[in-house]
Amino acid sequence: IYNKEYNCNFKADENDIAQCPALAAIDGSVDGYIAIAGSDTAEPPTTAPPILPDDIVKSGTCGIDGDNLRWTLNGAGTLTISGKGEMADYGFGNSPWYSDESIKKIVVENGVTSIGVSAFEYCDGLVSVEIPDSVKNIGNCAFFDCGILSSVTLSESLTSVGAYAFAQCKRLYTIEFPESLTS
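First, a word on what this report is: a plain description of the structure on this page. (Residues numbered from 1 in each chain as written. Predicted model: local features only at pLDDT ≥ 70, side-chain atom pairs only at ≥ 80, totals over all residues. Heavy atoms only, no water.)

Structural notes on the sheet that holds strand 11 (residues 137-138)
We count it as follows: Strand pairing follows a simple DSSP-based rule, namely that at least 2 bridges must link the two strands. Strands here mean DSSP runs of E at least two residues long; helices mean DSSP runs of H or I at least four residues long; both are numbered from the N terminus.
Taken in spatial order, the 3 strands line up as 9-11-13 in an open sheet, and their pairing is parallel. The sheet is open, and its two edges are formed by strand 9 (114-115) and strand 13 (160-161), each paired on a single side. Sheet analysis places strand 11 next to strand 13, joined by 2 bridges and oriented parallel. Counted as the bridge partner of Ile138 is Val161 from strand 13.

Some details on the pairing of strand 5 (residues 56-63)
In the case of a regular strand, side chains alternate between the two sheet surfaces. Here strand 5 runs beside strand 6 (residues 66-74); their pairing, made up of 6 bridges, is antiparallel. Bridge assignment links Ile56 to a residue of strand 6, and that residue is Asn74. Hairpin connection from strand 5 to strand 6: 2 residues lie between these consecutive antiparallel strands.

A word on the nonpolar core
Selection rule: Nonpolar cores were defined as sets of buried Ala, Val, Leu, Ile, Met, Phe, Trp, Tyr and Cys residues, with membership established by side-chain atoms within 4.5 Å. For every residue, the accessible area obtained with a 1.4 Å probe (protein chains only) is divided by the maximum for its type, and the residue is called buried under 20%, exposed over 50%, and partly exposed between those limits. Any two residues whose heavy atoms approach within 4.5 Å at even a single point are treated as in contact.
Of all hydrophobic cores here, the largest spans 35 residues; its most connected members are Ile81, Trp97, Ile115, Phe120, Ile138, Phe143 and Phe166. Sort the elements by how many residues they give to this core and strand 6 lands first, with 3 residues. Setting aside anything within four residues of it in sequence, one finds Ile138 in contact with Ile115, Ile131, Phe143, Leu154, Leu158, Ser160, Val161, Gly162, Ala165 and Phe166.

Details of a negative patch on the surface
We apply this condition: Patch membership requires more than 30% relative accessible area and the absence of a salt bridge. Residues of like charge join within 9 Å; the nonpolar side chains Val, Leu, Ile, Met, Phe, Trp and Tyr join within 5 Å. Here the Shrake-Rupley method, with its probe set to 1.4 Å, supplies the accessible areas, and only the displayed protein chains count as covering residues. Here a salt bridge means any side-chain nitrogen of Lys or Arg lying within 4 Å of a carboxyl oxygen belonging to Asp or Glu. Note that His is not counted, nor are the chain ends; the positive residues are Lys and Arg, and the negative ones are Asp and Glu. Note on charges: their place is set at NZ of Lys, CZ of Arg, CG of Asp or CD of Glu.
Residues Asp65, Asp67, Glu86 and Asp89 make up a contiguous surface patch of negative charge. The class for Glu86 is partly exposed, based on a relative accessible area of 41%.

It is worth stressing that arrangement in space is one thing and function is another; only the former is reported here.
See the structure below:
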């Protein structure tokens, strides 16, 4: 449903319309768009509605076992990895986030136990990463060439960080590795 007065779209089915008195006054449909009484058109807006910071704009799975880990990217650029177990390893250029400039922050939730090889390489907009205590391993080239990455909070129980995991992160001036690190 498109309402020109407020320049917004609504997805509604017959039940929504029946339960909402404001939608009960439908006065026509054009190509699947329904005009609300009082608006002068049933045409869609020429611009897309704004993406709000909490809106999920992309999502998928990233676990070594398929769907054991899920990821979501919101409108503010926060990529969240959740679930239980290991993340999949990726080859050069084939992670779901390869070179994604819209990612500003990565939050890995408790329950994730590893960050895969080449997982976030070339995420040029990435500024900060939060890694919980459940993460034990960070794979080779995991954050390779994330050029403006400047803040990383590492797991206190991290045992290994792969080769070149933070290489070419030109703004990552310091990083504190935990005592638990063995390789």
